[in-house]
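# Structural overview for review
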Amino acid sequence: MKKYSKLIIAAIIALIFIGTFVFLWQKSQPKEIVYSEFTPKMDSIQKTTIITGKIEPRNEVNIKPQISGIISELYKQPGDYVNAGDVIAKVKVIPDMGSLSSAESRVRLAEINLQQAQVDYNREENLHNQKLVSDDEFDKSRQSLCQAQEEKKAAIDALQVVRDGVSQSNAKASSTLIRSTISGVILDIPVKVGNSVILSNTFNDGTTIASVANMNDLIFRGNIDETEVGQLVNDMPMKITVGALQDLKFDAALEYVSPKAVESNGANQFEIKAAVKLSEGGKIRSGYSANAEIVLARADKVLTIPESAIEFSGDSTFVYLVKGDGKEKTYDRHLVVTGLSDGVNIEIKKGLTAKDKVRGPEVIADEDNKK
């Protein structure tokens, strides 16, 4: 019994050894290389580029106060449409004590001068009625009285402006009422009731009360690489896709290419602007991220093959023409002249016909599929 067991074990070991030897021998045998093959065909090729940027109004205006003070009322909110001249907010003036004191002093002085001018006028009027002074002297006293009256009105107006920000004589054009300077949509109101605001002057830009823009006049702003900027021309058509609105696309026309590059992530890029053509009823919010697709070059009805079939050697390009069939198949290296490429297919200008067959890349066998 033990004798048969030893024979069986020896036979199993022999089979494993022979199987391993056969497997390794098969693996060591050279495999037949199989190439994909292509037939040139007539097609259209276009070279496009995608530019990332954002949508924004062409003109966005910051509304600022003409006086300093505190926001007492807000009449509008972001998203509201306003016409030029509409009131957005009201400012309560906090008067400067030095200016207020000077204005009050001016009013008191004007009152004293007016009283004296009135006394002089009354005296001259009595003398004039008695024919004791000339008409010329009387006219001068009347003129002095009128000037004193106007000076008092001006002093009172100045005091009201310093104290309240508005006077009775210019109430309709009050600088305490912050008005929109253009017609459009309010994009932002960065202040609240109770916030202090300052007017724009030589030393500061002033407080922005609201940002207003015409949302029917939008532009796309982005950057393009220096390797592609040379192919751009004004009025070039573009397709705008908004990231948050995938189903919505807009046409645009290139209208500006910056003459100066800016460095971004180690590469030189040029800013571009394009006028967005809104479709009827289409609404876009300011600041949307968007992609612009531009066709840089296009070739229609040209002979094309996959670019993977091209061999690049220096300034020359070659293909391998398929000759024969089956085991007699050969590949002849052939010079061709190429044109436009879209990264997948390439234009053949010279060297091939639609009847030729071209060798492509080697076909890589999928071992998993075989199993």
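Small disclaimer: the values here were computed from a predicted structure and weren't measured.

## Describing the overall build of the chain
Counting secondary structure elements, the chain contains 4 helices and 20 strands. Within the chain, buried positions represent 29% of all 371 residues. In the chain, of all internal contacts separated by at least 6 residues, the share reaching a separation of at least 24 is 72%. With the model as given, the accessible surface of the chain reaches about 24200 Å², and the carbon-plus-sulfur share is 51%.

## What to know about the packing of aromatic side chains
A complete count under the given rule lists 2 aromatic pairs for this structure. Ring geometry for tyrosine 35 against tyrosine 331: centres 5.3 Å apart, planes inclined by 75°, an arrangement best described as edge-to-face. Taken as a pair, tyrosine 35 in strand β1 (residues 35-38) and tyrosine 331 in strand β18 (residues 330-341) lie far apart in primary sequence, 296 residues in all. When the ring centre of tyrosine 256 is taken as origin, the NZ or CZ atom of lysine 273, which lies over that ring, is 5.1 Å away.

## Let's talk about the side chain of serine 341
With respect to the element layout, serine 341 can be found in strand β18. Within the structure, the side chain of serine 341 is placed 2.4 Å from the side chain of glutamate 307, a separation counted as a polar contact. With residues up to four places along the chain from it excluded, the contact list for serine 341 reads Ile45, Lys47, Glu307 and Ile346.

## Let's talk about the confidence of the model for the chain
Overall, the predicted model of the chain reaches an average pLDDT of 83, with 86% of residues at or above 70. Confidence over residues 367-371 falls short of pLDDT 50; this stretch has 2 contacts with residues more than four positions distant or in other chains.

## Focus: the nonpolar core
Core analysis: the biggest nonpolar cluster contains 24 residues, and Ile55, Phe220, Leu232, Met238, Ile240, Ile272 and Ile294 have the highest contact counts within it. Judged by nonpolar contacts, the second largest core, of 16 residues, contains Ile178, Ile186, Ile209 and Val212.

## What about the pattern of salt bridges?
One pass over the full model with this rule turns up 16 salt bridges. Between arginine 123 and aspartate 120 there is a salt bridge whose closest N-O contact spans 3.2 Å. Of this pair, arginine 123 and aspartate 120 both sit in helix α2 (residues 97-129), 3 residues apart, roughly one helical turn. We note a salt bridge from lysine 239 to aspartate 251, for which the minimum N-O separation is 2.7 Å. Here lysine 239, found in strand β12 (residues 237-242), pairs with aspartate 251, found in strand β13 (residues 245-264); they are 12 residues apart in sequence, far enough to count as distant.

## A word on the pairing of strand β4 (residues 69-74)
As defined by bridge partners, β4 adjoins strand β9 (residues 196-197) across 2 bridges and the pair is classed as antiparallel. Bridge pairing in β9 places glycine 69 opposite valine 197. Pairing between β4 and strand β6 (residues 87-92): 4 bridges, direction antiparallel. Pairing of leucine 74 across the sheet is with alanine 89, part of β6.

## What about the sheet that holds β4?
Pairing is antiparallel across the open sheet formed by 4 strands, whose spatial order is β7-β6-β4-β9. Both outer strands of the open sheet, β7 (177-179) and β9, are each paired with one neighbouring strand and no more.

## Digging into the environment of glycine 222
Summarising the element assignment, glycine 222 is placed in strand β11 (residues 218-225). In the structure, glycine 222 is positioned 50 residues away from isoleucine 272 in sequence and 5.5 Å away in space, judged by C-alpha atoms. If we ignore the near neighbours within four places in the chain, the residues touching glycine 222 are Ile51, Thr52, Gly53, Phe270, Glu271 and Ile272.

## Quick notes on the environment of threonine 338
Relative to the elements of secondary structure, threonine 338 occurs in strand β18. Those residues in contact with threonine 338 that sit more than four places away from it in its chain are Ile310, Thr317, Ile346, Glu347, Ile348 and Lys349.

## Quick look at unusual backbone geometry
Within the chain, aspartate 235 stands out as a residue other than glycine whose phi angle is a positive 70°. Following the sequence through the fold, aspartate 235 ends up in the loop between β11 and β12. For aspartate 235, a relative accessible area of 62% puts it in the exposed group. One non-glycine residue, lysine 301, lies in positive phi territory at about 55°. Mapped onto the elements, lysine 301 comes out in strand β15 (residues 289-306).

## Quick look at the sheet that holds strand β3 (residues 60-63)
Overall, antiparallel pairing links the 4 strands, which are arranged β3-β10-β8-β5 in an open sheet. Each edge of the open sheet carries a strand with a single partner, namely β3 and β5 (81-82). Of the pairings in the sheet, the one linking strand β8 (residues 184-188) to strand β10 (residues 210-213) comprises 3 bridges and is antiparallel in character. Within β10, the residue paired with valine 185 across the bridge is alanine 213.

## Here we look at a nonpolar patch on the surface
There is a patch of nonpolar side chains on the surface, built from Ile8, Ile12 and Ile16 and spanning about 300 Å² of accessible area. Assignment of secondary structure puts isoleucine 8 in helix α1 (residues 2-28).

## A few points about the side chain of threonine 49
Looking at the secondary structure, you find threonine 49 in strand β2 (residues 41-57). Polar side-chain contacts of threonine 49 include one of 2.8 Å to the side chain of glutamate 228. Discounting residues that sit within four places of it in the chain, threonine 49 has contacts with Ile224, Glu228, Ala292, Glu293, Ile294 and Leu296.

Cut-offs and rules
- Residues numbered from 1 in each chain as written.
- Predicted model: local features only at pLDDT ≥ 70, side-chain atom pairs only at ≥ 80, totals over all residues.
- Heavy atoms only, no water.
- Helix = DSSP H or I, 4+ residues; strand = E, 2+ residues; numbered from the N terminus.
- Buried < 20%, exposed > 50% of the residue type's maximum accessible area, 1.4 Å probe, protein only.
- Contact = heavy atoms within 4.5 Å.
- Areas by Shrake-Rupley, 256 points an atom, 1.4 Å probe, with all protein chains shown as cover.
- Phe/Tyr/Trp six-rings, centres within 6.5 Å; stacked < 30°, edge-to-face > 60°.
- Lys NZ or Arg CZ within 6 Å of the ring centre and 35° of its normal.
- Polar contact = N/O pair within 3.5 Å; in protein donor to acceptor, adjacent residues only side chain to side chain.
- pLDDT = per-residue confidence, 0-100.
- Core = buried A, V, L, I, M, F, W, Y, C linked by side-chain atoms within 4.5 Å.
- Salt bridge = Lys/Arg side-chain N within 4 Å of Asp/Glu carboxyl O.
- Pairing = 2+ DSSP bridges.
- Patch = residues over 30% accessible without salt bridge, like charges linked within 9 Å, V, L, I, M, F, W, Y side chains within 5 Å.

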